[in-house]
Amino acid sequence: MKRIVMPIALLAAGFRAAAALAHAFLDHAVPAVGSTVTAAPKEVQIFYTQALEPAFSAATLTGADGQPIATAAASVDPQNPMELVLKLPPLTPGHYKVSWRVVSVDTHRTEGTFSFDIKP
Ligand SMILES: [Cu+2]
């Protein structure tokens, strides 16, 4: 009995370790993190390394002056649970910061920011 129990316990520990590494981290974004684009994007797409919990995942936009820019609430793409979409109002050239805060399906919370520039 002991011989069977041991490997199962080790296996379970291994799965837990793998799950802990699987938080929803930012994989890439469109516009790309730190990029300069020449046309104002209509939305920001943020792709994560893990599926998100839509009810607990959000993103906001601030301008160069640090003031929040009104947008509709960010939503998880129904076609891709690993993608958060923030629809944007018409933006003028400048520097913008995206702040995001998400909960992945393993209930772990992550957050971060990145910026992009719109060139005149
Ligand atoms: Cu996790």
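That block above? That's the structure.
Attention in this report is confined to the structure presented alongside it. (Residues numbered from 1 in each chain as written. Predicted model: local features only at pLDDT ≥ 70, side-chain atom pairs only at ≥ 80, totals over all residues. Heavy atoms only, no water.)

**Observations regarding unusual backbone geometry**
Pro31 follows Val30 through a cis peptide bond whose omega is 0 degrees. Relative to the helices and strands, Pro31 resides in the loop between strand S1 (26-30) and strand S2 (36-37). Even without being glycine, Thr107 reaches a positive phi, approximately 70 degrees. Within the fold, Thr107 resides in the loop between strand S8 (94-103) and strand S9 (109-118). (Helix = DSSP H or I, 4+ residues; strand = E, 2+ residues; numbered from the N terminus.)

**A short note on the sheet that holds S1**
A sheet is described by the order of its strands in space; here 4 strands give the open sequence S1-S3-S7-S6, paired in antiparallel fashion. Whereas interior strands pair on both sides, the edge strands pair on one side only; in this sheet they are S1 and strand S6 (75-76). (Pairing = 2+ DSSP bridges.)

**Considerations on the environment of Ala22**
Secondary-structure assignment places Ala22 in the loop between helix H1 (2-20) and S1. Under the relative-accessibility criterion, Ala22 is labelled partly exposed at 27%. Separated by 83 residues in the primary sequence, Ala22 and Val105 have C-alpha atoms spaced 9.7 Å apart. Once residues within four sequence positions are removed from consideration, Ala22 is found in contact with Gln50 and Asp106. (Buried < 20%, exposed > 50% of the residue type's maximum accessible area, 1.4 Å probe, protein only. Contact = heavy atoms within 4.5 Å.)

**Things to note about the sheet that holds S9**
The pairing of strands in a sheet happens through backbone hydrogen bonds and is either parallel or antiparallel. Strands sit in the order S2-S9-S8-S4-S5 across an open sheet of 5 strands; the sheet is mixed. Here the strands that pair on one side only, and so sit at the sheet edges, are S2 and strand S5 (68-69). Relative to S8, strand S4 (residues 58-62) runs antiparallel, the two sharing 5 bridges. Of the residues in S8, the one forming a bridge with Thr62 is Lys97.

**Considering the pattern of salt bridges**
By the definition in use, this model includes 2 salt bridges. Of the charged contacts, one joins Glu43 and Lys87 as a salt bridge, the two residues approaching to 2.7 Å between their closest N and O atoms. Taken together, the residues Glu43 in strand S3 (residues 43-48) and Lys87 in strand S7 (residues 83-87) connect sequence positions 44 residues apart. A residue is classified by how much of its surface remains accessible, and Glu43, at 24% relative accessible area, is partly exposed. (Salt bridge = Lys/Arg side-chain N within 4 Å of Asp/Glu carboxyl O.)

Distances and angles like these do not, on their own, reveal function.
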